[in-house]
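A look at the structure
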Amino acid sequence: MESLLKQRDARPLFSDHTAAIASEGSAGWAIADAAADASGRGEDVVSLCLGDTSFDTPDRILATAIASLRGGRTHYAPVPGTPELRANIAAAQTRFDGQAWQAEQVTVFGGAQNALFATLMAVAGAGDEVLYFEPWYATYEATIRAGGAIAKPIKLSFESPSCKLSELALIAAITDRTRAIVLNSPNNPGGYVFGRSDLEVVARVAQQYNLWIISDEVYRSAVFDDEYSSITSFPDVLDRTIIINSLSKSHAMTGWRVGWALAPLAAAQHLQNLAQCMLFGSPTFIQDAAATALEAAGDEEMKYFSGELRRRRDIMCKALSAIQRLRFTRPRGGMFCFVDVSETGLSGSHFAEKLFRSDGLAVVPGTAFGPNMSDFIRISFSASEEIIENGMERLRRFCATL
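Residues numbered from 1 in each chain as written. Predicted model: local features only at pLDDT ≥ 70, side-chain atom pairs only at ≥ 80, totals over all residues. Heavy atoms only, no water.

**Some details on the overall build of the protein**
- Of regular secondary structure, the protein possesses 15 helices and 13 strands.
- Against the 2.2 N^0.38 benchmark of 21 Å for 402 residues, the protein shows a C-alpha radius of gyration of 22 Å, consistent with a compact globule.
- Taking the principal axes of the C-alpha coordinates as reference, the protein spans close to 65 × 60 × 50 Å.
- On the protein, roughly 17600 Å² of surface is accessible, and the fraction owed to carbon and sulfur atoms is 53%.
- Across the protein, the centroid of the 37 positively charged side chains sits 2 Å from that of the 46 negatively charged ones. (Helix = DSSP H or I, 4+ residues; strand = E, 2+ residues; numbered from the N terminus. Rg over C-alpha atoms; globule rule 2.2 N^0.38 Å. Areas by Shrake-Rupley, 256 points an atom, 1.4 Å probe, with all protein chains shown as cover. Lys, Arg positive; Asp, Glu negative; His and termini not counted. Charge placed at Lys NZ, Arg CZ, Asp CG, Glu CD.)

In structure tokens, the structure reads:
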């Protein structure tokens, strides 16, 4: 017995999954966390790290949440979501792309990240492969790997504004274990928007090789210079497409944590089973507020927020253009400028660390978004105009000392 106890004591305490979810992406938030701690201590710091706008949630949405709380809507909700919210999500998607979406295809989750996690668990198991594009959102790699799947990145080209995806490179990455392609447009961090030609490539390859398409469309309400196209504009792939979205960016509701997956009925059933295991339903009063957000009146709010973000993007781009040795492509959507700092002689990580230590400006190093992104930093223009201008002055001052 004593020998057995010693053997148990020698065992590792954690599962292999902990190694799978420890990625550069998760480490990329260290400066953001340090800035939050410093701000809490009253220090003079500016954080341009997160895609969390300075806008307040619209009053009509708040009013619904308050009325719902006072009306006793604090009990269990149906696991897939309340009927009203699911119907409004389907209706909003139909207004957007003209396809005949149904409430039964919707599963409500605690934010888009939660919906993405569940979707990947549903379509890719241990040893399966999921393709995604670099630069990628910081959590993608760990989210794919969490269930044992293999994350296979494909580097994008930025030579052409309308064609970033090589069909040959995409096909070359496919094996008999490949299960899905993850799209993110508008992209976080790159700010690019996939054109029709790129989407045609994805649709064609997914059909040819029988792959799922997971379309992360969280930033689609913030497209500034193009008409946004979704993969759902290709009806032939609707039976293999799962849309991930939320209200975080479109309706200034990051802290509400409400998102969803919109999927073919067979996939929706599996997602609802996962929601039962993971959440057992989302808060009813929050879903009531979300249903109000997605009424047709909310479309005008989205246009207002998008217009304000475009103005803030222009302020940041003008300031960045005046700083020597910084290179960037003007983002066509999203909330970020992705800036190449290699001409300063510093890597993105060293640049971000020195910038925070010397001038109290927090940005995210590019390594969070892929191994080939080590020369970059990501800067958010979702803050107020005053904070953006303060941050750009700190960045200009820092670069002048290099």
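Additional details are given in the paragraphs that follow.
**A look at the packing of aromatic side chains**
- This model, assessed by the stated rule, comprises 14 aromatic pairs.
- Relative to Phe-305, the ring of Phe-55 lies with its centre 4.7 Å away and its plane at 10 degrees, an arrangement referred to as stacked. You can see Phe-55 sitting in the loop between β1 (46–47) and α5 (59–70) and its partner Phe-305 sitting in helix α13 (residues 298–321), a full 250 residues away along the chain. For the pair Phe-55 and Phe-305, a shared accessibility class is recorded, and that class is buried. (Phe/Tyr/Trp six-rings, centres within 6.5 Å; stacked < 30°, edge-to-face > 60°. Buried < 20%, exposed > 50% of the residue type's maximum accessible area, 1.4 Å probe, protein only.)

**Quick word on the packing of helix α4 (residues 30–40) against helix α14 (residues 348–359)**
- Running from amino to carboxyl end, α4 crosses α14 at an angle of 10 degrees, the nearest separation of the two axes being 11 Å. The angle between the axes of α4 and α14 places the two elements in the roughly parallel class. On α14, the residues touching Ile-31, Ala-34, Ala-35 and Ala-38 of α4 are Ala-352, Glu-353 and Phe-356.
- Taken together, the residues of the contact of α4 with α14 break down into 6 nonpolar, no polar and 1 charged. (Axes fitted to C-alpha atoms, helices over the stretch in contact; angles between N-to-C directions. Parallel < 35°, antiparallel > 145°, perpendicular 65-115°, else oblique. Contact = heavy atoms within 4.5 Å. Nonpolar A, V, L, I, M, F, W, Y, C, P; charged D, E, K, R; others polar.)

**Details of the side chain of Thr-344**
- Take Thr-344: it is sitting in the loop between β10 (336–340) and α14.
- A distance of 2.6 Å separates the side chain of Thr-344 from the backbone oxygen of Val-341, its partner in a polar contact.
- In terms of polar contacts, Thr-344 uses its side chain to reach the backbone amide nitrogen of Leu-346, at 3.3 Å.
- If near-sequence neighbours (up to four positions away) are discounted, Thr-344 is found in contact with Arg-325, Leu-326, Phe-351 and Leu-402. (Polar contact = N/O pair within 3.5 Å; in protein donor to acceptor, adjacent residues only side chain to side chain.)

**Some words on the pattern of salt bridges**
- As enumerated under the stated definition, the model contains 22 salt bridges in all.
- When the shortest N-O distance is used, the salt bridge between Glu-295 and Arg-60 registers 3.8 Å. Remark: Arg-60 occurs in helix α5 and Glu-295 occurs in the loop between α12 (284–293) and α13; sequence separation between them is 235 residues.
- On the accessibility criterion, Arg-60 (24% relative accessible area) is partly exposed.
- One salt bridge connects Glu-308 with Arg-311, and the closest N-O pair in it is separated by 2.9 Å. Here Glu-308 and its partner Arg-311 are both found in helix α13, 3 residues apart, which amounts to about one turn of the helix.
- When its relative accessible area of 18% is taken as the criterion, Glu-308 is described as buried.
- A single salt-bridge network, built from bridges that share partners, covers Asp-225, Arg-310, Arg-313, Asp-314 and Arg-330. (Salt bridge = Lys/Arg side-chain N within 4 Å of Asp/Glu carboxyl O.)

**Thoughts on the sheet that holds strand β7 (residues 241–246)**
- In space, the 7 strands of this open sheet follow the order β2-β8-β7-β6-β5-β3-β4, with mixed pairing throughout. The open sheet has two free edges, formed respectively by β2 (106–109) and β4 (150–155), since each of these has just one partner strand. Each adjacent strand pair in this sheet contributes to an overall mean axis angle of 20 degrees, direction not counted.
- The pairing of β2 with strand β8 (residues 259–262) spans 4 bridges and is antiparallel. Along β8, the bridge assignment pairs Phe-109 with Gly-259.
- Helix α7 (residues 112–123) rests against β2, β3 (129–134), β5 (178–184), β6 (212–216), β7 and β8 of the sheet, and its axis sits at about 160 degrees to β7. (Pairing = 2+ DSSP bridges.)

**What to know about the nonpolar core**
- Membership of the largest hydrophobic core comes to 77 residues, with the highest contact counts inside it found for Met-316, Leu-320, Leu-326, Phe-351, Ile-379 and Leu-395.
- Per-element tally for this core: the top contributor is α7, with 6 residues.
- Ignoring anything within four residues of it in the chain, the contact list for Leu-326 reads Leu-320, Val-339, Asp-340, Val-341, Thr-344, Phe-351, Leu-395 and Cys-399. (Core = buried A, V, L, I, M, F, W, Y, C linked by side-chain atoms within 4.5 Å.)

**Thoughts on the pairing of β3**
- Counting buried positions along β3 yields 6 of 6 residues, so the element is predominantly enclosed.
- Two strands pair when backbone bridges link them, and β3 and β4 are joined in this way by 6 bridges, in the parallel orientation. Within the sheet, the bridge partner assigned to Glu-129 lies in β4 and is Ile-150.
- Each parallel crossover has a hand, and for β3 linked through helix α8 (residues 140–146) to β4 it is right-handed.
- The pairing of β3 with β5 spans 3 bridges and is parallel. When the sheet's bridge partners are listed, Leu-131 is paired in β5 with Ile-181. (Right-handed = clockwise from strand over helix to strand, strands pointing away.)

**A word on α5**
- For α5, built from 12 residues, the straight-helix expectation of 16 Å at 1.5 Å per residue is met to within 8% by its first-to-last C-alpha distance of 16 Å.
- For α5, the set of buried residues is Ile-61, Ala-65 and Ser-68. Looking down the long axis of α5, one finds its buried residues gathered within 65 degrees of arc, a one-sided arrangement. Of the exposed residues in α5, the ones pointing more than 90 degrees away from its buried face are Asp-59, Ala-67 and Arg-70.
- Of the residues one or two after α5, Gly-72 is the one with positive phi, at around 85 degrees. (Expected span 1.5 Å × (residues − 1). Arc of directions from axis to C-beta.)

**Details of the packing of α7 against helix α11 (residues 265–278)**
- Following both chains from N to C, one finds α7 and α11 inclined at 120 degrees, their axes separated by 10 Å at the closest point. As judged from the angle between their axes, α7 and α11 are oblique. As α7 runs across α11, the sense of the crossing is right-handed. Of the residues in α11, those touching α7 at Asn-114, Phe-117, Ala-118, Thr-119, Met-121 and Ala-122 are Leu-271, Leu-274 and Met-278.
- Its residues assigned to classes, the contact of α7 with α11 shows 7 nonpolar, 2 polar and no charged. (Left-handed = near helix turned anticlockwise from the far one by under 90°.)

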